[in-house]
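The primary structure of each chain is shown beneath.
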Amino acid sequence: MLQRLIHRLLLRRHFWRQADFSEIAELYATRMLRSMAVGMISVFIAIYLIRSGYSVEFTLGYFCLYYFLRAVFVWLAAHIIAEIGPKHGMLVSNLLYVPSLLALAVLPELGMSALFIAGVFQALSVTLYDITTNVNFSKIKALGHEGKELGYLYIMTKIGMALSPLVGGVAASLFGPKFTIVAAAGIFIIAAAPLFFTPEPVATRQVLKLRGLKLRYIWRNLLSNMAGGVDFGASGPIWSLFIALVVLAGSGTTVYAKVGALSSITLISAVISARVFGLIIDKRRGGDLLKIGVFANSTLHLLRPFVISVPGVATLNVANEIATSGYTMPYLKGLSDTADNIHGYRITYLSLMSGAMSLGASLLLGLATLCVHLSGDITGLKLTYILAAVLTLPIAWHGFAVFARTRPPGAGASRFSWLLNIR
């Protein structure tokens, strides 16, 4: 039903598409449903661990190992996708997330063994999903309108994630975290349904190639993706912990609802920025947009340690949503273009990029663990954001050829050239 609705809304405006529209509608629908499930629990996992009796230092160390495990699973995920295709890889990914959530639901009873099971299954599921999403989009996007496609993809993701943290948080506060976790597991199963009805967009039973992929062509992509992983870690579990410990200290069980509400407040800004930025990308200014987004995002990391109120968190979340959209949307265009032009290495290349991002997130979580160990919980988290502000700047040093060759004819230096020329 959701897929048919998306089809009716967008089909007339996408007559130029290379692939059948059902493929992209399927991608949108699945991404939206999965985003709903992830949004219900992702912002709460770190808080859930703290409230289950684990220390801040242990929780950060757990996420450090989790992201490292994702990097380890990259090659396994790549082989799965090469064998069964990205669509069925996404199907497997959704189903793999279910045992992870069920293990978290029995964490108080089983302790470390449940945490181990949850971490392993979640790491493989998310790694597989990230790669399949990028492979799918890079293959079936509409040529010349990638920005618009990115806008729609981003909007579907944000619609799925916008209200679900609030719903999940209220449910966790009223009925307990276990209820929300089990409900999210059910949505993951439902999200797999649209994947049964259309064929694979790429060939299956492929043989992955690593030899012949020139490192000198992609090393800047790898470094940039690692910096992107740093940003992901800073805006994810570390920010959830900071809000719970600094802004919402003493909230009791209502902390889940309050964190969920603060996470959901970005819906309008997410939808508007996705639409506007998609048009900017199609007007061949994606490279400039990416650099401005990176600089703004780094500045916001510097401001995070000074946020001490709920309105401050809400304002920063909205600003961060705009800044993050500003660099992630053109960044995905750069990844897709590079994957198109490295013939025969699409899955290999996108898998390496996913691994680099996971290593970057693991690096920041490791540094956060060290900062907390040496300086205490709150001071350690604040120091981490100073590090994040610096370590996220290399995102702008991406090296994507598409932005070098798509600058509008006659475009000269702008008044913001000092800001845009981050190299």
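Not measured: the values here are computed from a predicted model. Here the residue numbers are simple positions, counted from 1 along each chain's written sequence. Residue-level local features of this predicted model are given only where pLDDT is at least 70; pairs of side-chain atoms are given and counted only at 80 or more, and the full residue set underlies all totals for whole chains, interfaces and linings. Water and hydrogen atoms were dropped before computing side-chain values, which therefore reflect all heavy atoms in the structure.

With axes taken as lines fitted to C-alpha atoms, and helix axes fitted only over the stretch in contact, angles between N-to-C directions fall between 0 and 180 degrees. Where helices and strands are cited, they refer to DSSP runs of H or I of at least four residues and of E of at least two residues respectively, numbered from the N terminus. Between helix α15 (residues 267–282) and helix α17 (residues 310–341), the least distance of the axes is 9 Å, while the angle of their chain directions is 35°. Taken as a pair, α15 and α17 cross one another with a handedness that is right-handed. Between α15 and α17, the contacting residues are Ser269, Ala270, Ser273, Ala274, Phe277, Gly278 and Ile281 on the first element and Val318, Glu321, Ile322, Ser325, Gly326, Met329, Pro330 and Lys333 on the second. Each residue receives one of three labels: charged for Asp, Glu, Lys and Arg, nonpolar for Ala, Val, Leu, Ile, Met, Phe, Trp, Tyr, Cys and Pro, and polar for the others, Gly being one of them. Its residues assigned to classes, the contact of α15 with α17 comprises 8 nonpolar, 5 polar and 2 charged. By definition, turning the near helix anticlockwise from the far helix through less than a right angle yields a left-handed crossing, and turning it clockwise yields a right-handed one. By definition in these notes, contact holds between two residues if any of their heavy atoms fall within 4.5 Å.

Leu60, Phe63, Leu101 and Tyr349 are the most contacted members of the largest nonpolar core, which has 97 residues in total. It is helix α18 (residues 346–375) that contributes the most residues to this core, 10 residues altogether. Leave out the neighbours within four places in its chain, and Leu60 touches Ile238, Leu241, Leu365, Ala368, Thr369, Val372 and Leu381. Put simply, buried Ala, Val, Leu, Ile, Met, Phe, Trp, Tyr and Cys residues joined by side-chain atoms within 4.5 Å make one nonpolar core. The classification of residues rests on relative accessible area computed with a 1.4 Å probe and restricted to protein chains. Under 20% of the type maximum is buried, over 50% is exposed, and intermediate values are partly exposed. Within the second largest apolar cluster, 5 residues are counted, among which are Ala274, Phe277, Leu289 and Met329.

Another aspect to go through is helix α16 (residues 286–303). Each helix should span, by expectation, one fewer than its residue count multiplied by 1.5 Å. If you check α16, its first and last C-alpha atoms are 26 Å apart, about what 18 residues at 1.5 Å a residue would give, namely 26 Å. Considered for burial, the residues of α16 that qualify are Gly286, Gly287, Asp288, Leu289, Leu290, Lys291, Gly293, Val294, Asn297, Ser298, Leu300 and His301.

With that out of the way, let us pick up helix α11 (residues 177–191). For α11, built from 15 residues, the straight-helix expectation of 21 Å at 1.5 Å per residue is met to within 8% by its first-to-last C-alpha distance of 21 Å. Along α11, the positions that sit buried rather than exposed are Thr180, Ile181, Ala184, Ala185, Ile187, Phe188 and Ala191. Projected down its long axis, α11 shows its buried positions confined to an angular sector of 165°, all on one face. Directions are taken from the helix axis to each C-beta atom, and the arc is the one they span.

Stacked, edge-to-face and tilted are the three classes for Phe, Tyr and Trp ring pairs, Trp counted by its six-membered ring, which pair at centre distances within 6.5 Å; planes under 30 degrees apart are stacked, over 60 edge-to-face, the rest tilted. Under the counting rule described, the total for this entry stands at 14 aromatic pairs. Aromatic side chains Phe63 and Tyr66 sit 6.4 Å apart centroid to centroid with 90° between the ring planes, which places their arrangement in the edge-to-face category. One end of the pair, Phe63, and the other, Tyr66, are both in helix α4 (residues 56–72), 3 residues apart, so they sit about a helical turn from each other. By the burial criterion, Phe63 is buried, and Tyr66 matches it. An angle of 15° between the planes, with centres 4.2 Å apart, marks the rings of Tyr97 and Phe188 as stacked. Here Tyr97, found in helix α6 (residues 86–105), pairs with Phe188, found in helix α11; they are 91 residues apart in sequence, far enough to count as distant. Pair check on accessibility: Tyr97 and Phe188 agree, each one buried. In textbook terms, an aromatic cluster arises when at least three aromatic residues are bridged by ring pairs, as seen for Tyr62, Phe63, Tyr66, Tyr67 and Phe232. For a lysine, the NZ atom is tested; for an arginine, the CZ atom; a charge sits over a ring if that atom is within 6 Å of the ring centre and within 35 degrees of the ring normal. If you follow Lys209 out to its NZ or CZ, it ends over the ring of Tyr345, 4.8 Å from the centre.

The next point concerns the layout of surface pockets. The computed volume of the second largest pocket comes to approximately 290 Å³. Grid spacing is 1 Å over the protein atoms alone, the probe is 1.4 Å, and a cavity is where that probe fits but cannot get out, while a pocket is an open set with protein on both sides within 12 Å along at least five of seven lines and lining residues have an atom within 4 Å of a point. Lining the second largest pocket are 19 residues; nearest its centre among them are Tyr217, Ile218, Asn221, Thr338 and Ile342. Looking at the lining of the second largest pocket, the elements that each hand over two or more residues are α12 (215–235), α17 and α20 (401–405). The greatest single-element share of the lining of the second largest pocket, amounting to 6 residues, is contributed by α12. Grid points are joined across faces, edges and corners, and a volume is the space filled by probe spheres set on the points.

As for its placement among the helices and strands, Asn225 is situated in helix α12. Classification of Asn225 by relative accessible area gives buried; the value is 2%. With near-sequence residues (within four places) excluded, Asn225 lies in contact with Tyr331, Leu335, Met353, Ala356 and Met357.

Now for the pattern of salt bridges. The salt bridge definition used is simple: a Lys or Arg side-chain nitrogen within 4 Å of an Asp or Glu carboxyl oxygen. Across all of its chains, the model carries 4 salt bridges by this definition. Here Lys178 makes a salt bridge to Glu109, at a shortest N to O gap of 2.8 Å. Taken together, the positions of Lys178 in helix α11 and Glu109 in helix α7 (residues 107–110) put the pair 69 residues apart, joining distant regions of the chain. Residue Arg285 pairs with Asp288 through a salt bridge whose shortest N-O separation is 2.1 Å. On the basis of relative accessible area, Arg285 is assigned to the partly exposed category, the value being 28%. Relative accessible area serves as the criterion here: at 10%, Asp288 is assigned to the buried category.

This brings us to the environment of Asn221. With respect to the element layout, Asn221 can be found in helix α12. Judged by its relative accessible area of 2%, Asn221 is buried. Remark: the alpha-carbon pair of Asn221 and Gly334, spanning 113 residues in sequence, is separated by 9.3 Å. Apart from residues lying up to four places away in sequence, Asn221 is in contact with Tyr331, Thr338, Tyr349, Met353, His398, Gly399 and Phe400.

Another aspect to go through is the environment of Gly229. Inspection of the secondary structure puts Gly229 in helix α12. Judged by relative accessible area, Gly229 falls into the buried class, the value being 0%. In this structure, the C-alpha to C-alpha distance between Gly229 and Ala361, residues 132 residues apart in sequence, is 4.3 Å. Not counting chain neighbours up to four residues away, the residues in contact with Gly229 comprise Met357, Gly360 and Ala361.

A few words now on the confidence of the model for the protein. The pLDDT value expresses, per residue, how confident the predictor is, ranging between 0 and 100. Confidence in the prediction of the protein, expressed as mean pLDDT, is 82, and 78% of residues score 70 or more. Of the regions scoring below 50 in pLDDT, residues 408–423 engages in 19 contacts with residues more than four places distant in sequence or in other chains.

The geometry of α12 relative to α18 is characterised by a closest axis approach of 6 Å and an angle of 45° between their N-to-C directions. Taken as axis vectors, α12 and α18 run oblique relative to one another. As α12 packs across α18, the resulting crossing turns out to be right-handed. Along its contact with α12, which presents Ile218, Asn221, Leu222, Asn225, Met226, Gly228, Gly229, Val230, Gly233 and Ala234, the element α18 presents Tyr349, Leu352, Met353, Ala356, Met357, Leu359, Gly360, Ala361, Leu364 and Leu365. Note on terminology: angles under 35 degrees are roughly parallel, angles over 145 are roughly antiparallel, angles of 65 to 115 are roughly perpendicular, and the others are oblique.

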